[in-house]
Amino acid sequence: ARHPAAGPRPTSTTAPRSARSAGHYNLGSALHARRDLEPAAAHFSRTIALEPTYADAHFNLGIVHQELGSLREALTCYDEAARLDEKLADAAAAADFIRRTLDTDGSAGPAEA
């Protein structure tokens with residue numbers, strides 16, 4: 001259950017609401033598929049700047065950060081995705097994995113799959 005002090009739950013979306021944010025999201029996805037990670041991260045970040053409550057963009061940015069070895073940034077993204085959309089179980093599971101990884105080795109180095 002949500003703590004009452006947390007305030008209202010932000011509205012998440014299952015798809016970008018504007019063509020502009022959809023373009024950035026889709027480009028980020030295509031770049032990620034090509035393993036072009038830095039530009040993918042930039043486009044997912046732009047999507048989030050345009051639509052801060054778009055949980056999938058936070059989740060995918062977390063994946064990119066994790067693949068880049070930026071585990072603390074990945075954790076922040078996964079936590080935000082899970083907060084925005086409690087049905088996004090993969091985000092909560094990924095956050096737990098990153099926490100365990102950071103607790104185990106104390107580093108922010110790349111996580112092993």
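The preceding data block contains the structure.
Residues numbered from 1 in each chain as written. Predicted model: local features only at pLDDT ≥ 70, side-chain atom pairs only at ≥ 80, totals over all residues. Heavy atoms only, no water.

### Looking at the nonpolar core
Phase 1: Grouped together as the largest cluster of nonpolar side chains are 14 residues, with contacts concentrated most on Phe59, Tyr78, Leu88 and Ile98.
Phase 2: At the level of elements, α3 (55–68), α4 (71–84) and α5 (89–105) are the ones that each hand at least two residues to this core.
Phase 3: If you tally residues by element for this core, the top one is α4, at six residues.
Phase 4: Apart from residues no more than four positions distant in its own chain, Phe59 is found in contact with Cys77, Tyr78, Ala81, Leu88, Asp90 and Ala91.
Phase 5: Leu31, Ala41, Ile48 and Ala57 belong to the second largest nonpolar core, which has 12 residues in total. (Core = buried A, V, L, I, M, F, W, Y, C linked by side-chain atoms within 4.5 Å. Buried < 20%, exposed > 50% of the residue type's maximum accessible area, 1.4 Å probe, protein only. Helix = DSSP H or I, 4+ residues; strand = E, 2+ residues; numbered from the N terminus. Contact = heavy atoms within 4.5 Å.)

### Focus on α4
Phase 1: With 14 residues, α4 should reach 20 Å at 1.5 Å per residue; the first-to-last C-alpha distance of 20 Å fits that figure.
Phase 2: Taken as a whole, α4 has its buried residues at Leu71, Ala74, Leu75, Cys77, Tyr78, Ala81 and Leu84. (Expected span 1.5 Å × (residues − 1).)

### Remarks on the pattern of salt bridges
Phase 1: Applying the stated criterion across every chain yields a total of five salt bridges.
Phase 2: Taking the shortest distance from any N to any O, the salt bridge between Arg34 and Asp36 comes out at 3.6 Å.
Phase 3: Exposure remark for Arg34: the relative accessible area of 62% places this residue in the exposed category.
Phase 4: Asp36 sits in the partly exposed class, given a relative accessible area of 27%.
Phase 5: For the salt bridge of Asp96 with Arg99, the shortest nitrogen-to-oxygen distance reads 3.7 Å. Of the two residues, Asp96 and Arg99 are both situated in helix α5; the distance of three residues between them amounts to about one turn of the helix.
Phase 6: Residue Arg99 is classed as partly exposed on the basis of its relative accessible area, which comes to 33%.
Phase 7: Via salt bridges that share partners, Asp79, Asp96 and Arg99 belong to a single interconnected network. (Salt bridge = Lys/Arg side-chain N within 4 Å of Asp/Glu carboxyl O.)

### What about the packing of helix α2 (residues 37–50) against α3?
Phase 1: Running from N to C, α2 and α3 point in directions that differ by 155°, and their axes come no closer than 9 Å. When the axis of α2 is compared with that of α3, the two are roughly antiparallel. The hand of the α2/α3 crossing is left-handed. Where α2 abuts α3, its residues Leu37, Glu38, Ala40, Ala41, Phe44, Ser45, Thr47 and Ile48 lie against Ala57, His58, Asn60, Leu61, Val64, Glu67 and Leu68.
Phase 2: Across the contact of α2 with α3, the residue classes break down as nine nonpolar, four polar and two charged. (Axes fitted to C-alpha atoms, helices over the stretch in contact; angles between N-to-C directions. Parallel < 35°, antiparallel > 145°, perpendicular 65-115°, else oblique. Left-handed = near helix turned anticlockwise from the far one by under 90°. Nonpolar A, V, L, I, M, F, W, Y, C, P; charged D, E, K, R; others polar.)

### Some details on the packing of aromatic side chains
Phase 1: This model, assessed by the stated rule, comprises three aromatic pairs.
Phase 2: Aromatic pair Tyr25 and Tyr54: ring centres 5.0 Å apart, planes at 55°, arrangement tilted. Placement of the pair is Tyr25 in helix α1 (residues 19–33) and Tyr54 in the loop between α2 and α3, with a sequence separation of 29 residues. Summarising the burial analysis for this pair, Tyr25 and Tyr54 share the class buried.
Phase 3: A connected cluster of aromatic rings, assembled from ring pairs, spans Tyr25, Phe44 and Tyr54. (Phe/Tyr/Trp six-rings, centres within 6.5 Å; stacked < 30°, edge-to-face > 60°.)

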